[in-house]
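# Remarks on the overall topology
Residues per chain are reported as follows:
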Amino acid sequence: MLANYLTQQTVNIVDSVNDWKEAIQLCASPLLANNTIFPNYIEKIFELHESLGPYYVLAPGIAMPHARPEHGVNQLGLSMLLVKQGVNFNSADNDPVYLITLLAAIDSSSHIEILTQLATLFGESNDMQAIFNAQHCDQILTVTNRY
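The following refers to the structure shown. (Residues numbered from 1 in each chain as written. Predicted model: local features only at pLDDT ≥ 70, side-chain atom pairs only at ≥ 80, totals over all residues. Heavy atoms only, no water.)

What follows concerns the pairing of strand β4 (residues 77-87). β4 sits mainly inside the fold: nine of its eleven residues count as buried. In the sheet, strand β1 (residues 11-14) pairs with β4 via four bridges, with the strands oriented parallel. Each residue of the ladder has a partner; that of Val-14, found in β4, is Val-83. (Buried < 20%, exposed > 50% of the residue type's maximum accessible area, 1.4 Å probe, protein only. Helix = DSSP H or I, 4+ residues; strand = E, 2+ residues; numbered from the N terminus. Pairing = 2+ DSSP bridges.)

Given below as C-alpha cells:
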C-alpha cells in the first residue's frame, strides 16, 4: 500500500540539513512538484510548530509533519526524507530525528490505511534500522514496499 505513495520521486536521502525547517522543506519538495500540496501547507506546519511545539515528532528519530487538509492539500500523498546525521526538532525525548515522513491528507478518513501501515512499519525495529542505515532510496523502498 505504501508503494502507491513512496516512490523514487517521493523518497530522498541527504547527509545533513541546517535545521528542522529545511528538513521539512526538502521532504515536502516532491509533493509540491507533483501538486499534492501547495506552499501554504508547509507554512502552516511551520506555524503549528511555533505555536504547539514539535507535535509531529512521534518517537525517537521519527517525525511525521502534517497539517489539516484545508491548509493546502490537493490530493492524498506521502513523502519521506532520511537525514543521515539527524536534525533537532526541539523534541527533548525524541531528538535527533533521522526520518521525516510528510503526510498530506485530503479529508479525515482517506489516510487511515496509510497511517496504519506506517505505524506497523515504525514499530518494526529491524525494518526501521534498515531504513536508518540506508544509503540509497532503493534500500528504503525495499522496506516500505512490504507495507
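Turning next to the packing of aromatic side chains. Scanning all chains against the criterion turns up five aromatic pairs. Centroid distance Trp-20 to Phe-46: 5.6 Å. Interplanar angle 85 degrees. Geometry classified as edge-to-face. Of this pair, Trp-20 sits in helix α1 (residues 20-33) while Phe-46 sits in helix α2 (residues 39-52), and the two are 26 residues apart along the sequence. Since its relative accessible area comes to 8%, Trp-20 is described here as buried. Measuring from ring centre to ring centre gives 6.4 Å for Trp-20 and Phe-89, while their planes differ by 40 degrees; the resulting arrangement is tilted. Here Trp-20, found in helix α1, pairs with Phe-89, found in the loop between β4 and β5 (97-104); they are 69 residues apart in sequence, far enough to count as distant. For Phe-89, a relative accessible area of 0% puts it in the buried group. Lying over the aromatic face of Phe-46, Lys-21 brings its terminal NZ or CZ to 5.3 Å of the ring centre. (Phe/Tyr/Trp six-rings, centres within 6.5 Å; stacked < 30°, edge-to-face > 60°. Lys NZ or Arg CZ within 6 Å of the ring centre and 35° of its normal.)

What follows deals with the nonpolar core. Of all hydrophobic cores here, the largest spans 26 residues; its most connected members are Ile-24, Ile-37, Tyr-56, Phe-89, Ile-100 and Leu-102. Within the residue set of this core, elements represented by two or more residues are α1, α2, β4 and β5. Per-element tally for this core: the top contributor is α1, with six residues. Core analysis: the second largest hydrophobic core is formed by 23 residues, Leu-6, Leu-121, Phe-122 and Val-143 among them. (Core = buried A, V, L, I, M, F, W, Y, C linked by side-chain atoms within 4.5 Å.)

The next point concerns the sheet that holds β4. Spatial ordering of the open sheet is given by β1-β4-β5-β3-β2, a layout of five strands whose pairing is mixed. Of all the strands in the sheet, the pair left with one neighbour each is β1 and β2 (57-59). Sheet analysis places β2 next to strand β3 (residues 62-63), joined by two bridges and oriented antiparallel. The partner of Val-57 across the bridge, within β3, is Ala-63. Contacts between α1 and the sheet are confined to β1, β4 and β5, with β4 contributing the most and set at about 145 degrees to the helix. Lying on the sheet, helix α3 (residues 112-122) is in contact with β2, β3, β4 and β5; it crosses β5 at an angle near 170 degrees. (Contact = heavy atoms within 4.5 Å. Axes fitted to C-alpha atoms, helices over the stretch in contact; angles between N-to-C directions.)

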